[in-house]
Amino acid sequence: LPSDPMPHFVVRVRCELEGVTDVQPQEHMSWHLILECIKCHERTQKPVIVSDEEEVPTVKGTANFSMRCKECTHEGTISFETTPARLRGYDVRAIDIADTGKDVSVVCFESRGYNIVDVVVGEGWQAKGAETSTKFADIDLSEDWVDYDVKAKESVGIYNVKA
């Protein structure tokens, strides 16, 4: 990540889609992140949870997550980046069926004081049928996901997810 004091971290997801499109995080999905302190390089042992529903006060306003490093006590924050001007160039969007096997940017964070070194992909995704627009919600991508689209009369799935 860049040494910019406010680096942006974009989560890119690659997967294989079968019969579904518009794969994206559901509104207010919680993200599970492994962080590294920029001062002492101590990493979190377990993923921390960052949600856009939470706002914590900081010296410069609010953030969606705040934590002090257990090793050096340096404080850092993480916020969801939603400002269109700052998102320019990142192409944050849903994963389309044509994106199968390609990296797609699905969310952007502004991180102060921490580098985001890993993302644990899990619950909270949604998709729709590629041919029928059938809605699928509460998808868990921690492993391959398979379902059945009744309108299309075919099985659908999301496989080999990598973030």
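Everything below is about the structure shown above.
Fair warning: this is a prediction, and the values are worked out from it, not measured in the lab.

Conventions and cut-offs
- Residue indices begin from 1 for each chain and proceed along its sequence in written order.
- Reporting in this predicted model follows two pLDDT cut-offs: at least 70 for local features of residues, and 80 or more for side-chain atom pairs to be given and counted; totals over whole chains, interfaces and linings ignore these cut-offs and use all residues.
- By convention in this description, side-chain values take in all heavy atoms of the structure and omit both hydrogens and water.
- Counting from the N terminus, the helices are the DSSP runs of H or I reaching at least four residues and the strands are the DSSP runs of E reaching at least two.
- Under the scheme applied here, a residue whose accessible area is under 20% of the maximum for its type counts as buried, over 50% as exposed, and between as partly exposed, the area being computed with a 1.4 Å probe on protein chains only.
- Any two residues whose heavy atoms approach within 4.5 Å at even a single point are treated as in contact.
- Only strands that DSSP links by at least two bridges are regarded as paired with each other.
- To define axes, lines are fitted to C-alpha atoms, for helices over the stretch in contact only, and angles between the resulting N-to-C directions are given on a 0 to 180 degree scale.

**Student:** Run through the overall build of the protein, naming residues and quoting values.
**Tutor:** The helix and strand tally for the protein stands at one helix and 14 strands. With respect to the principal axes defined by its C-alpha atoms, the protein has extents near 55 × 35 × 25 Å. For the protein, with 163 residues in total, the buried portion stands at 42%. Considering only contacts within the protein whose residues lie at least 6 apart along the sequence, 60% involve residues at least 24 apart.

**Student:** If you had to explain the sheet that holds strand β4 (residues 48–51) to someone new, which residues and values would you point to?
**Tutor:** Here we have three strands laid out as an open sheet, ordered β4-β3-β10, and antiparallel in their pairing. Of all strands in the sheet, those bounded by a partner on one side alone are β4 and β10 (114–120). Here the average twist between neighbouring strands, direction ignored, is 50 degrees. In this sheet, β10 lies alongside strand β3 (residues 30–37) in antiparallel orientation, the contact comprising six bridges. Paired with H32 across the strands is V120, a residue of β10.

**Student:** Let's hear about the sheet that holds strand β2 (residues 20–25): which residues, and what values?
**Tutor:** Two pairing modes exist for strands in a sheet, parallel and antiparallel, and in both the strands are linked by backbone hydrogen bonds. Spatial strand order, β2-β11-β12: three strands in an open sheet with antiparallel pairing. The sheet is open, and its two borders are formed by β2 and β12 (135–139), each paired with just one other strand. Neighbour-to-neighbour, the strand axes of this sheet turn through a mean angle of 20 degrees, independent of strand direction. By the bridge criterion, four bridges tie β2 to strand β11 (residues 125–129) in an arrangement that is antiparallel. In the sheet register, T21 faces β11, and the bridge partner there is K128.

**Student:** Please set out unusual backbone geometry residue by residue, giving values where relevant.
**Tutor:** Non-glycine residue H28 carries a positive phi angle of around 65 degrees. Backbone geometry at K153 places phi at a positive 55 degrees, although glycine is not the residue there. With respect to the element layout, K153 can be found in the loop between β13 (145–149) and β14 (154–162). Given a relative accessible area of 65%, K153 falls into the exposed group.

Function cannot be read off these values alone, since they describe shape.
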